[in-house]
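Residue strings, one per chain:
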Amino acid sequence: MSADTEMAVAAIRLGLQALRAQALGDTADHEDQADVLRALYDDRAQEASVLGMVSSLLTDLGAAIGDQGHEDVAETIDEAAGYVQDSAGLRLERARAALTEAAGR
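Residues numbered from 1 in each chain as written. Predicted model: local features only at pLDDT ≥ 70, side-chain atom pairs only at ≥ 80, totals over all residues. Heavy atoms only, no water.

Regarding the pattern of salt bridges
Threshold: Salt bridges are identified by distance alone: a Lys or Arg side-chain nitrogen within 4 Å of an Asp or Glu carboxyl oxygen. Note on conventions: DSSP H or I runs of at least 4 residues are helices, E runs of at least 2 residues are strands, and numbering of each starts at the N terminus. Only protein chains enter the accessibility calculation, which uses a 1.4 Å probe; a residue is then buried when its area is under 20% of its type maximum, exposed when over 50%, and partly exposed in between.
If you walk through the whole model with that rule in mind, you get three salt bridges. Between arginine 38 and aspartate 35 there is a salt bridge, and its shortest N-O distance comes to 3.1 Å. Here arginine 38 and its partner aspartate 35 are both found in helix α2 (residues 30–40), three residues apart, which amounts to about one turn of the helix. Residue class for arginine 38 comes out partly exposed when judged on its relative accessible area of 24%. Aspartate 35 sits in the partly exposed class, given a relative accessible area of 27%. Note that arginine 44 is salt-bridged to aspartate 42, the shortest N-O span being 3.4 Å. Judged by relative accessible area, aspartate 42 falls into the buried class, the value being 11%.

Laid out in structure tokens, this is it:
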């Protein structure tokens, strides 16, 4: 793995640890947890959410790989991008909405 990739992974790890601390810390409440779910996936701002960014990266990566002549690989990556956003993201959105409703906000 290149140094740039390792540095990017370390930054992502730090960000996810911060989200974990916010959602699971001693003082975390429903609002904090809903905020973390929204950061992970926000249907109204998909491109700004973590899963939206992952999906976008996968889509772009699939396109680049397809341009290199590996259409079968590109198709698989594109399916993964759709799954990240559509399946995982929409489930998180439903969980956030239910949590928000349960907390009465």
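What follows continues from the structure just given.
Quick notes on the confidence of the model for the protein chain
Inclusion rule: As a per-residue measure, pLDDT reflects the predictor's confidence and takes values from 0 up to 100.
Scored by pLDDT, the protein chain comes out at a mean of 92, with 99% of its residues at no less than 70. Looking across the protein chain, the model is least confident in helix α4 (residues 71–103), with a mean pLDDT of 89, and most confident in helix α1 (residues 3–24), with 97.

Description of the side chain of aspartate 42
To keep things clear, this is the line we draw: In the analysis that follows, any N or O atom pair within 3.5 Å is treated as a polar contact, provided that within protein one partner can donate a hydrogen and the other can accept it, and provided that, for residues neighboring in sequence, both atoms belong to side chains. Any two residues having at least one pair of non-hydrogen atoms within 4.5 Å are treated as being in contact.
Counting through the fold element by element, aspartate 42 comes out in the loop between α2 and α3 (50–67). Of note is the side chain of aspartate 42, whose polar atom sits 3.0 Å from the backbone nitrogen of arginine 44. In this structure, aspartate 42 is in contact with Ser49 and Glu93, ignoring residues within four places of it in sequence.

Details of the packing of α1 against α2
Counted only if it meets this: The convention used is that axes are lines fitted to C-alpha atoms, helices contributing only their stretch in contact, and that angles between N-to-C directions extend from 0 to 180 degrees. In this scheme, roughly parallel covers angles under 35 degrees and roughly antiparallel covers those over 145, while 65 to 115 is roughly perpendicular and the rest are oblique. Handedness of a crossing follows from how the near helix is turned relative to the far one, being left-handed for an anticlockwise turn of less than a right angle and right-handed for a clockwise one. Residues are grouped as follows: nonpolar covers Ala, Val, Leu, Ile, Met, Phe, Trp, Tyr, Cys and Pro; charged covers Asp, Glu, Lys and Arg; every other residue, Gly included, is treated as polar.
Running from N to C, α1 and α2 point in directions that differ by 150°, and their axes come no closer than 7 Å. The orientation of α1 relative to α2 falls into the category roughly antiparallel. Handedness of the crossing formed by α1 with α2: left-handed. Within the contact between the two elements, α1 uses Leu19, Gln22 and Ala23 and α2 uses Asp32, Gln33, Asp35, Val36, Ala39 and Leu40. The residue makeup of the contact of α1 with α2, split by class, is five nonpolar, two polar and two charged.

With respect to the side chain of arginine 96
Inspection of the secondary structure assignment puts arginine 96 in helix α4. Given the relative accessible area of 9%, arginine 96 is considered buried. Ignoring any residue separated from it by four or fewer positions in sequence, one finds arginine 96 in contact with Ala34, Leu37, Arg38 and Arg44.

Things to note about a negative patch on the surface
Definition in use: Distance thresholds for patches are 9 Å for like charges and 5 Å for nonpolar side chains (Val, Leu, Ile, Met, Phe, Trp, Tyr), applied to residues having over 30% relative accessible area and no salt bridge. Methods summary: accessible areas were calculated by the Shrake-Rupley approach with a probe of 1.4 Å, and residue burial reflects only the protein chains presented. His residues and chain termini do not enter the charge count, which takes Lys and Arg as positive and Asp and Glu as negative. Lysine's charge is taken at NZ, arginine's at CZ, aspartate's at CG and glutamate's at CD.
A grouping of Asp67, Glu71, Asp72, Glu75, Asp78 and Glu79 is seen on the molecular surface, where their side chains present a negatively charged patch. Looking at which element gives the most residues to the negative patch, the answer is α4, with five residues. Structurally, glutamate 79 can be placed in helix α4.

A word on the environment of tyrosine 83
Secondary-structure assignment places tyrosine 83 in helix α4. Distance in space between the C-alpha atoms of tyrosine 83 and aspartate 72 is 17 Å, their sequence separation being 11 residues.

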